Amino acid sequence: MSAAARLRRLTEEAEIIVFEQGDAVSFASCGLPYYLSGEIKSRDDLLVQTPASMRAALDVDVRLHHKVTAIDAAAHTVRVEGPQGVEDVAYDQLILSPGTVAARPPIDGLDLDCVHTLRTVNDAVAMRDAVSGDPASWHAVVLGAGFIGLEAAEALHMAGVDVTLLEAAPHVLPPLEPEMAWLVRQELTRMGVRVHEGVAVTSITADGRRAVVHMADDQQLPADLVLLSAGTTPATTIFAAGGVVCDERGSILVDDQGHTNLIDVWAVGDATVSRDAVTGARRPVPLAGPAQRGGRLVADAIASDRPSRPLPNPLASAIVRVGGLTAAMSGANRAGLVTAGIPFTTMHLHPSDHAGYFPGAQQMHLIVHMDPATGRLLGAQGVGPSGVDKRIDILATAMRAGLRAQELIDLDLCYSPPYGSAKDPINMVGYLADNMLTGQTTLWQPGDIDSARREALVLDVRTPSEFASGHVREALNVPHTELRARLDEVRTAADGRRIAVMCQSGVRSYIAHRILVASGLASSTLSGGMLTLQAWLGTRADEVITKG
Ligand code: NAD
């Protein structure tokens, strides 16, 4: 619909026809979870445009209940099955935007009536109607804890339904780094949503009115409703049969103008492959923002006789609300960088959303990956109750603009105590990056904890009471304020080993690290401190951390 609307604004000459097999166009698919939760009250609020409004404003001919079943690129026609029968419709230019369907993993029982997807307005309406009478008597199992799964789990929980969330990958929202996903998992648990991670569903069987979900570890979960949110599959079979070249997953290959391999055939949206802006990997990025941009730019390319702006390579910026937390990300994560062979170093920060002395300040958790040699920004993630969206959007903008991490120091951001700090979290990323790039700071990572325990002196520079509340088993406690006076004690304890310094968030350990370096002791400071270490360890925390 973005392409159709833009095309009309560029030319009054074209006849523009949109075929849609369903009963709605331009519905707010991203809003469906919020209808399910009850936050969006009326079904009509989800219908952004209707065929009548598209005809009136833009003279676009939208034909609902019309299914395209084949294309003949040589003849420049598409075959369409509609209420009046089958017809071949000629085109000069054809834009494919079929999107995706819910992926159906090989699990027996997905055809049972209790298994739903959350893709159309009718899906959301059916589910809300079903649970609305006595939500507390319903138990929902959400199969897949990606974006839709998390949003649906939150929505069903808000609607009063008892929810269990299942994720086959080792942690919820797999694109998040594990130490960030742990925070999301904690929030789900706090809300009362049960979470099973790292376990696949093997089958779903009927049991009277209820279903039973069987998992690979032999657990069984009763369910009145199963929501299938296990990813997406491009709806491209008929186009591939018509000669459109797709990748092995069925996603349509396009050039940087949105052109397919066929003359006068273009493709946009969730069914296409993009080139990752950071790693260069070819992969689908089924998100609303890139799809909207694609639609507009393809219309520009069709209407103009000059080359139009290329489709931008997406950073895959994404955000999701889970209870009281927001999780947001942009650019590459560790796994993507490792696969692409891109060297990186990682910074963890736990700044406040606004000045700590102003009421209501809340801590957020940020991760930024950068090139250790140049400071090129490679990826960023944030989790927290407030202010995360703004910081990740700034980092996404910086990545798009090609700013180096150390240049974040120079960003002049709006500041007043209710909104931020004179040193905004973004400036803090810049300071830390600059310290690392100039050798002022050397970090060790939570993933190095096992080697640090074996080979280094772990020096915890928090206060004795913080230390007593939980510390790495082998650690020596010397508060950073006493370190200058107790250097000999530390040197003796280190006995030639490097010193792995840590504190709660990474601020005091940086001060201690500088004192040790000035004294000629080899040391590094734990990125993100105990806060990050605990989240990294997750269920392993008891093995490494002890109290007393
Ligand atoms: P997704 O890829 O985000 O998540 C699917 C999840 O299902 C993954 O975590 C995967 O590991 C898990 N999974 C797959 N098979 C499984 C199995 N057999 N058992 C248990 N878990 C299994 O896909 P989605 O949530 O269906 O969303 C579809 C697309 O829409 C995504 O690309 C997403 O980015 C996009 N989307 C984005 C937003 C947002 O940005 N807020 C919201 C909704 C959807």
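Residues numbered from 1 in each chain as written. Predicted model: local features only at pLDDT ≥ 70, side-chain atom pairs only at ≥ 80, totals over all residues. Heavy atoms only, no water.

## Structural notes on the overall build of the protein chain
Step number 1: Within the protein chain, the regular secondary structure consists of 17 helices and 31 strands.
Step number 2: Relative to the 2.2 N^0.38 estimate, which gives 24 Å for 548 residues, the radius of gyration of the protein chain is 27 Å and therefore close to what a compact globule would have.
Step number 3: In terms of its C-alpha atoms, the protein chain occupies a principal-axis envelope of roughly 90 × 65 × 45 Å.
Step number 4: The 548 residues of the protein chain split such that 49% are buried.
Step number 5: For the protein chain, restricting intrachain contacts to residue pairs at least 6 apart in sequence, the fraction spanning at least 24 positions comes to 62%.
Step number 6: A total accessible area of about 24400 Å² is found for the protein chain, and carbon and sulfur atoms account for 52% of it.
Step number 7: Positive and negative charge centroids in the protein chain, built from 46 and 63 side chains respectively, lie 6 Å apart. (Helix = DSSP H or I, 4+ residues; strand = E, 2+ residues; numbered from the N terminus. Rg over C-alpha atoms; globule rule 2.2 N^0.38 Å. Buried < 20%, exposed > 50% of the residue type's maximum accessible area, 1.4 Å probe, protein only. Contact = heavy atoms within 4.5 Å. Areas by Shrake-Rupley, 256 points an atom, 1.4 Å probe, with all protein chains shown as cover. Lys, Arg positive; Asp, Glu negative; His and termini not counted. Charge placed at Lys NZ, Arg CZ, Asp CG, Glu CD.)

## Quick look at the nonpolar core
Step number 1: Ranked by size, the top nonpolar core spans 42 residues in total, and within it Leu118, Leu150, Leu165, Leu176, Val184 and Leu188 carry the most contacts.
Step number 2: Each of domain 2 (115-230) and domain 3 (324-437) accounts for three or more of the residues forming this core.
Step number 3: Excluding its chain neighbours within four sequence positions, the residues that come into contact with leucine 150 are Ala145, Leu165, Leu173, Val184, Leu188, Val320 and Val322.
Step number 4: In terms of nonpolar packing, the next biggest core, distinct from the first, is built from 30 residues, Ile342, Val368, Met370 and Val388 among them. (Core = buried A, V, L, I, M, F, W, Y, C linked by side-chain atoms within 4.5 Å. Domains from an automatic or database assignment.)

## Observations regarding the site of the ligand
Step number 1: As a matter of local geometry, the ligand sits amid 22 residues, with Ile148, Glu151, Glu167, Pro286 and Ile319 nearest to it.
Step number 2: Between an oxygen atom of the ligand and a main-chain N or O atom of phenylalanine 147, the distance comes to 3.3 Å.
Step number 3: Contact distances for the ligand include 3.4 Å between an oxygen atom and a backbone N or O atom of serine 229.
Step number 4: Taking 840 Å² as the accessible area of the ligand by itself, protein coverage stands at 77%. (Near = heavy atom within 4 Å. Polar contact = N/O pair within 3.5 Å; in protein donor to acceptor, adjacent residues only side chain to side chain.)

## Considerations on the pairing of strand E20 (residues 318-322)
Note on strand geometry: in a regular strand, side chains alternate between the two faces of the sheet.
Step number 1: Residues of E20 alternate between two faces, with Ala318, Val320 and Val322 buried on one and Ile319 and Arg321 left unburied on the opposite face.
Step number 2: Where E20 lies against strand E21 (residues 325-331), 5 bridges are found, and the strand directions are antiparallel. Directly across from arginine 321, in E21, lies its bridge partner threonine 326. (Pairing = 2+ DSSP bridges.)

## Considering the side chain of histidine 513
Step number 1: Tracing the backbone shows histidine 513 in helix H15 (residues 507-518).
Step number 2: Overall, the relative accessible area of 1% leaves histidine 513 in the buried class.
Step number 3: Among the polar contacts made by the side chain of histidine 513, one reaches the side chain of serine 523 at a distance of 2.7 Å.
Step number 4: With near-sequence residues (within four places) excluded, histidine 513 lies in contact with Gln440, Thr441, Thr442, Ser523, Ser524 and Thr525.

## Considerations on the sheet that holds strand E14 (residues 220-223)
Step number 1: Taken in spatial order, the 3 strands of this open sheet run E12-E13-E14, and their pairing is antiparallel. If you trace the sheet from one side to the other, it starts and ends with strand E12 (201-207) and E14, each paired once. When the angles between neighbouring strand axes are averaged without regard to direction, this sheet yields 25°.
Step number 2: Across 4 bridges, strand E13 (residues 210-215) lies against E14 in antiparallel orientation. Each residue of the ladder has a partner; that of valine 213, found in E14, is leucine 221. (Axes fitted to C-alpha atoms, helices over the stretch in contact; angles between N-to-C directions.)

## Focus on the sheet that holds strand E10 (residues 162-167)
Step number 1: With respect to topology, 5 strands assemble into an open sheet ordered E8-E15-E9-E10-E11, the strand pairing being parallel. Each edge of the open sheet is held by one strand with a lone partner, namely strand E8 (115-116) and strand E11 (194-197).
Step number 2: Contacts between helix H5 (residues 147-158) and the sheet are confined to strand E9 (139-143), E10 and strand E15 (225-228), with E10 contributing the most and set at about 165° to the helix.

## So, the packing of aromatic side chains
Step number 1: Enumeration according to the criterion identifies 0 aromatic pairs in this entry.
Step number 2: A cation over an aromatic ring shows up here: arginine 128 above the ring of tyrosine 35, its NZ or CZ 3.8 Å from the ring centre. (Phe/Tyr/Trp six-rings, centres within 6.5 Å; stacked < 30°, edge-to-face > 60°. Lys NZ or Arg CZ within 6 Å of the ring centre and 35° of its normal.)

Geometric values such as these leave the question of function open.
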